[in-house]
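# Residue-level structure breakdown
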Amino acid sequence: MSAIKKIAFIGLGNMGKPMAENLIKNGFALNVFDLNTAVLDDLAKQGATVATSPIEAGKDVDVVITMLPAGQHVKDVYLGKDGQAGLLDSVGKNTLLVDSSTIAASDAREVAKAATAKGITFMDAPVSGGTAGAAAGTLSFIVGGSAEKFEQVKPVLEAMGKNIFHAGDVGAGQVAKICNNMLLGVIMTGTAEAMNLGAKNGLDPKVLSNILSCSTGRNWALEVCNPHPNVGDDMPSSRGYTGGFMSKLMLKDMNLAKQTANDTGVVTPMADQATALYTQHSEAHGDKDFSSIMAHYDAEVLS
Ligand code: NAD
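Calculation notes
Residues numbered from 1 in each chain as written. Predicted model: local features only at pLDDT ≥ 70, side-chain atom pairs only at ≥ 80, totals over all residues. Heavy atoms only, no water. Helix = DSSP H or I, 4+ residues; strand = E, 2+ residues; numbered from the N terminus. Rg over C-alpha atoms; globule rule 2.2 N^0.38 Å. Buried < 20%, exposed > 50% of the residue type's maximum accessible area, 1.4 Å probe, protein only. Contact = heavy atoms within 4.5 Å. Lys, Arg positive; Asp, Glu negative; His and termini not counted. Charge placed at Lys NZ, Arg CZ, Asp CG, Glu CD. Axes fitted to C-alpha atoms, helices over the stretch in contact; angles between N-to-C directions. Parallel < 35°, antiparallel > 145°, perpendicular 65-115°, else oblique. Nonpolar A, V, L, I, M, F, W, Y, C, P; charged D, E, K, R; others polar. Near = heavy atom within 4 Å. Polar contact = N/O pair within 3.5 Å; in protein donor to acceptor, adjacent residues only side chain to side chain. Areas by Shrake-Rupley, 256 points an atom, 1.4 Å probe, with all protein chains shown as cover. Phe/Tyr/Trp six-rings, centres within 6.5 Å; stacked < 30°, edge-to-face > 60°. Pairing = 2+ DSSP bridges. Right-handed = clockwise from strand over helix to strand, strands pointing away. Salt bridge = Lys/Arg side-chain N within 4 Å of Asp/Glu carboxyl O.

## Things to note about the overall build of the chain
Helices and strands together make up the secondary structure of the chain, namely 12 helices and 9 strands. Compactness check: the chain gives a C-alpha radius of gyration of 20 Å against a globular reference of 19 Å for 303 residues, within 12% of the reference. Dimensions of the chain along its principal axes, counting C-alpha atoms only, are 65 × 45 × 35 Å. By residue count, 50% of the 303 residues in the chain fall in the buried class. In the chain, 64% of the contacts between residues at least 6 apart in sequence involve partners at least 24 apart. Charged side chains of the chain number 24 positive and 31 negative; the gap between the two group centres comes to 4 Å.

Right, here's the structure in full:
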């Protein structure tokens, strides 16, 4: 068992709640806080201590984990908001701060810099694996921070995930995560494009999918999350594109990739095209799984 015993978990939404539940199951003592108090009762029944603010949650804990919607929420919680104190003003120097939200690397580095100035360690540890991975405890964590602190926090992340990667220094976790999701967004649009071309030219989508899956076009979207509704039995596309990873979240990640590319003068022409498609698509179908980008090619799949 790790030397880490007490953890504050802040942000208990679709991802955070099941992650917190896995920490409780693995024997960690938990303080929990969310602006939405409705989610906290259930965790209290499982043994968590409900706090009334991030600062109260972060009192006398070994680790703080945040799982918040976006960069601004993360900055509000750690740096403070409207002149009010943030976690960096209150946690002990030995408390490890771990943000698992998906945010811009520049935001993660900004919080880390402010933490370092106070002698506190902040790491980014975004996840891959979605709500199913959060519930099953099989998430991938992609951590940015020093090798020493990574080893310290690893047992905690292992209670919520299967693959725990050290990507490099602070911010590297976020960069690796958005590289993955940028690639996934491009691959999904390309896969929908190819499936549509074949189907419109008379091919059975199942047959085409089998051929591509055994050929050089093979990829995750084809095999696990095929955008064509007539291919798999247990995929978002086979149940009206429900469940899975929402288009608006894919758009969020693609925009973060663009922000990082702009910040560092890197060109991403393929991602720009895919982002334009997801921007348009998310206006009407933001809550549908991102494989519903298929509707851009064949509107009938969502009619
Ligand atoms: P969510 O909106 O379901 O949950 C976020 C929670 O944070 C909410 O319960 C909200 O009330 C709470 N919150 C907001 N501001 C707060 C504050 N100042 N203090 C305390 N609580 C606050 O979002 P989610 O789906 O759980 O995603 C969380 C993060 O994980 C996001 O950054 C997202 O991009 C990332 N992510 C999501 C998925 C997914 O499939 N949902 C997959 C990988 C990564």
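## Here's the deal with the packing of helix H4 (residues 71-79) against helix H5 (residues 105-117)
Where H4 contacts H5, the two axes come as close as 10 Å, and the packing angle between them is 5°. With respect to H5, the element H4 is oriented roughly parallel. Facing Gly71, Val74, Lys75, Tyr78 and Leu79 of H4, the residues of H5 in contact are Asp107, Glu110, Val111 and Ala114. By residue class, the composition of the contact of H4 with H5 is 5 nonpolar, 1 polar and 3 charged.

## Comments concerning unusual backbone geometry
One non-glycine residue, Asp60, adopts positive backbone phi at about 55°. Structurally, Asp60 can be placed in the loop between helix H3 (54-57) and strand S4 (63-66). In this model, Tyr241 sits at a positive phi of 60°, which is unusual for a non-glycine residue. Mapped onto the elements of the fold, Tyr241 is located in the loop between helix H10 (220-224) and helix H11 (247-264). We classify Tyr241 as buried; its relative accessible area is 1%.

## Here we look at the site of the ligand
Inspection of the region around the ligand gives 24 residues, with Asn14, Met15, Asp34, Leu68 and Lys252 positioned closest. Within the backbone of Leu35, a nitrogen or oxygen atom sits 3.4 Å from a nitrogen atom of the ligand. Protein contacts shield 84% of the accessible area of the ligand, which totals 830 Å² for the unbound molecule. Those elements that place two or more of their residues in the shell around the ligand are H4, helix H6 (130-136) and H11. A breakdown of the residues in the shell around the ligand according to their chemical character gives 12 nonpolar, 9 polar and 3 charged.

## With respect to the packing of aromatic side chains
Throughout the structure, instances matching the rule amount to 2 aromatic pairs. Seen from their ring centres, Tyr78 and Phe122 are 5.2 Å apart, and the 85° between their planes marks the pair as edge-to-face. Remark: Phe122 occurs in strand S6 (residues 121-124) and Tyr78 occurs in helix H4; sequence separation between them is 44 residues. Here Tyr78 and Phe122 have matching classes, each one buried. A ring pair is formed by Phe245 and Phe290, whose centres lie 5.9 Å apart and whose planes are at 80°; its orientation type is edge-to-face. You can see Phe245 sitting in the loop between H10 and H11 and its partner Phe290 sitting in the segment after helix H12 (269-285), a full 45 residues away along the chain. Of the residues examined, Phe290 reaches a relative accessible area of 2% and is grouped as buried.

## Some points on the pairing of strand S9 (residues 161-168)
Across a regular strand the side chains alternate sides, sitting on one face of the sheet and then on the other. Direction of pairing for strand S8 (residues 139-144) relative to S9: parallel, over a ladder of 6 bridges. Directly across from Leu139, in S9, lies its bridge partner Gly161. Handedness of the S8-helix H7 (residues 147-158)-S9 crossover: right-handed.

## Concerning the pattern of salt bridges
The final tally for this structure, using the stated rule, is 10 salt bridges. Its salt-bridge partner being Lys75, residue Asp107 comes within 3.2 Å of it at the nearest N-O pair. One end of the pair, Asp107, is in helix H5; the other, Lys75, is in helix H4, and 32 residues separate them in sequence. The exposure class of Asp107 is buried, given its relative accessible area of 14%.

## Observations concerning helix H1 (residues 16-25)
With 9 of its 10 residues buried, H1 lies for the most part within the structure. Following H1 by one or two positions, Gly27 has its phi on the positive side, about 90°.

## Overview of the side chain of Ser100
With respect to the helices and strands, the residue Ser100 is situated in the loop between strand S5 (96-99) and H5. Of the residues examined, Ser100 reaches a relative accessible area of 1% and is grouped as buried. For Ser100, the side chain forms a polar contact with the main-chain oxygen of Ala125, separated by 2.8 Å. Sequence-distant contacts of Ser100, defined by excluding residues within four places in its chain, comprise Met19, Ile65, Thr66, Met67, Ala125, Pro126, Val127 and Phe141.

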